[in-house]
Amino acid sequence: MKIDDIPLNLDFTLCCGQVFRWDKKGDWWYGVVDGKAIKVRQVSNEFEFANANEKFVENYFGLDDDLHEIRTSIGKDEHMRKALQELWGLRIIRQEPWECLISYICATYKNIQAIKHMVLNLSTKFGEKTQLDGMKFSTFPKPKKLANAKVKDLMDCGLGYRGKYVQNTAKQIFENNFKLESLRKTPYKQAKKEICNFAGVGPKVADCVLLFSLGKTEAFPVDRWIKRVILNHYLEKLPSDLAQKLMNKQGLSNSDYAKLNAFGRNYFGKYAGYAQEYLYHYERMNT
DNA sequence: TTCCAGGGAGTAT
DNA sequence: ATACTCCATGGA
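For every chain, the first residue of its written sequence is number 1, and the numbers climb from 1 along that sequence. A letter from A marks each chain and a number from 1 marks each ligand, given out in the order of writing. At least 70 in pLDDT is required for a residue's local features to be given in this predicted model, at least 80 for side-chain atom pairs to be given and counted, and no such filter applies to totals for whole chains, interfaces and linings, which use all residues. Just so you know, side-chain values use all the structure's heavy atoms and leave hydrogens and water out.

**Looking at the overall build of chain A**
Link 1 in the chain: Under the DSSP-based scheme used, a helix requires at least four consecutive residues in state H or I and a strand at least two consecutive residues in state E, with every element numbered from the N terminus. Scanning chain A from terminus to terminus reveals 15 helices and 6 strands.
Link 2 in the chain: Whereas a compact globule of 287 residues would reach a radius of gyration of roughly 19 Å, chain A reaches 19 Å, a difference of no more than 12%.
Link 3 in the chain: In terms of overall dimensions, chain A has a C-alpha envelope of 55 × 45 × 35 Å along the principal axes.
Link 4 in the chain: When each of the 287 residues of chain A is scored for burial, the buried share is 51%. In this description the radius of gyration comes from C-alpha coordinates, and the expected globular size is given by 2.2 Å times residues to the power 0.38. Buried, partly exposed and exposed residues are distinguished by accessible area as a fraction of the type maximum, computed with a 1.4 Å probe on protein chains only: under 20%, between the cut-offs, and over 50%, respectively.

**Things to note about the protein's contact with DNA strand C**
Link 1 in the chain: Nearness is defined per residue: one heavy atom within 4 Å of the molecule or strand is enough. Residues in close proximity to DNA strand C include Tyr109, Lys110, Gln113, Met155, Gly160, Tyr161, Arg162 and Ser255, which together make up its full environment.
Link 2 in the chain: The sugar and phosphate moieties of DNA strand C supply 48% of its atoms located within 4 Å of the protein.
Link 3 in the chain: N or O atoms within 3.5 Å of each other form a polar contact, as long as, within protein, one can give a hydrogen and the other can take it, and as long as residues adjacent in sequence are counted only when both atoms are side-chain atoms. Contacts to DNA strand C include tyrosine 161, whose backbone N or O atom sits 3.1 Å from a sugar or linking oxygen.
Link 4 in the chain: One of the side-chain nitrogen or oxygen atoms of arginine 162 is found 3.3 Å away from a base nitrogen of DNA strand C.
Link 5 in the chain: Residues are sorted three ways: Asp, Glu, Lys and Arg are charged, Ala, Val, Leu, Ile, Met, Phe, Trp, Tyr, Cys and Pro are nonpolar, and all the rest, Gly among them, are polar. A per-class count over the surface near DNA strand C returns 3 nonpolar, 3 polar and 2 charged.

**Considerations on the protein's contact with DNA strand B**
Link 1 in the chain: Of all residues adjacent to DNA strand B, which total 29 residues, the nearest are Lys110, Asn111, Ile112, Tyr161 and Gln276.
Link 2 in the chain: Sugar and phosphate atoms represent 61% of those atoms of DNA strand B found within 4 Å of the protein.
Link 3 in the chain: Contacts to DNA strand B include tyrosine 161, whose side-chain N or O atom sits 2.6 Å from a base nitrogen.
Link 4 in the chain: Between DNA strand B and glycine 202 there is a distance of 2.9 Å, counted from a phosphate oxygen to a backbone nitrogen or oxygen.
Link 5 in the chain: Within the residue set of the surface near DNA strand B, elements represented by two or more residues are helix H11 (203-213), helix H12 (224-233) and helix H15 (272-285).

**A look at the packing of H12 against H15**
Link 1 in the chain: Helix axes use the C-alpha atoms of the stretch in contact, all axes being lines fitted to C-alpha atoms, and the angles between their N-to-C directions lie in the range 0 to 180 degrees. At a minimum axis distance of 9 Å, the contact between H12 and H15 shows a crossing angle of 85°. Between H12 and H15, the interaxial angle falls into the category roughly perpendicular. On H15, the residues that touch Trp225, Ile226, Arg228, Val229, Asn232 and His233 of H12 are Gln276, Leu279, Tyr280, Glu283 and Arg284.
Link 2 in the chain: Among the residues forming the contact of H12 with H15, the class breakdown is 5 nonpolar, 3 polar and 3 charged. Roughly parallel means an angle under 35 degrees; roughly antiparallel means over 145; roughly perpendicular covers 65 to 115; every other angle is labelled oblique. Every residue pair with non-hydrogen atoms within 4.5 Å of one another is taken to be in contact.

**Some points on the sheet that holds strand E2 (residues 28-33)**
Link 1 in the chain: Read across the open sheet, the 4 strands follow the order E1-E2-E3-E4; overall the sheet is antiparallel. What marks the edges here is a single partner per strand, and that holds for strand E1 (22-25) and strand E4 (46-50). Each strand axis lies, on average, 25° off the axis of its neighbour in the sheet, ignoring direction.
Link 2 in the chain: Note: E1 against E2, 4 bridges, orientation antiparallel. In the sheet register, aspartate 23 faces E2, and the bridge partner there is tyrosine 30. We call two strands paired when DSSP finds no fewer than two bridges between them.

Dropping the structure here:
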């Protein structure tokens, strides 16, 4: 399909650490989505894909989000505008909520490489086999599969102590037939509260799930990198006592998380999540 | 060897 | 409510 007026950069979008199931081979990106392997690439103004229909791909890559409007909305300062300029075309993907939830439970206290490894292991061990272009892939396992898995087997996927969180959350969802999708129409704060009831889910993981899979573009996840961004570029916009506190200790207490989260949401507005992802990737690229 | 990674739960104040 | 401490694992 032609995307002349639709900014999109697949490399930024698929490399920025929001999604863990994509790998580039040649100029094609291969991923496992919607229960099957698909591939996408860009050639000049053409956005090409295979093994998926146009409607699905448009929605998955959020091509109906107006990036120009978003840039106007969040481009509040020089640093943010620089990140927008440098990473123009980065989009927030609309992941499947279930896979997103488990992925970000795994993501706590781990780097992106390790997270990809864990999600791949879970899929290989518990998912269903499929293939594309002669290559083998595995789908992400259903809630029932992980709910019935042995914690030991989950831990052996590299999850470590997260194994029991993943199993408990899978049980909560499977046994209650919980529909994460239903939270899409629940207001941000209420939806966040409900997601925090799952095992291994705190405010940061909840914000990631809301932003990356439930359409809450106002969510503003604060991890170690975003804290660093704020300390390096937005320190003067915080109350001085809070700024002092943040500089003097590592990690982030629950109340301090809430303060930085509120800062991001208030400062950047309804597309704070886009601001977060541009700032996150920009900081990582320049470190 | 030591350190750190897209934090959260458990426990003690 | 807030602060402190573990937590499994793997790569650098």
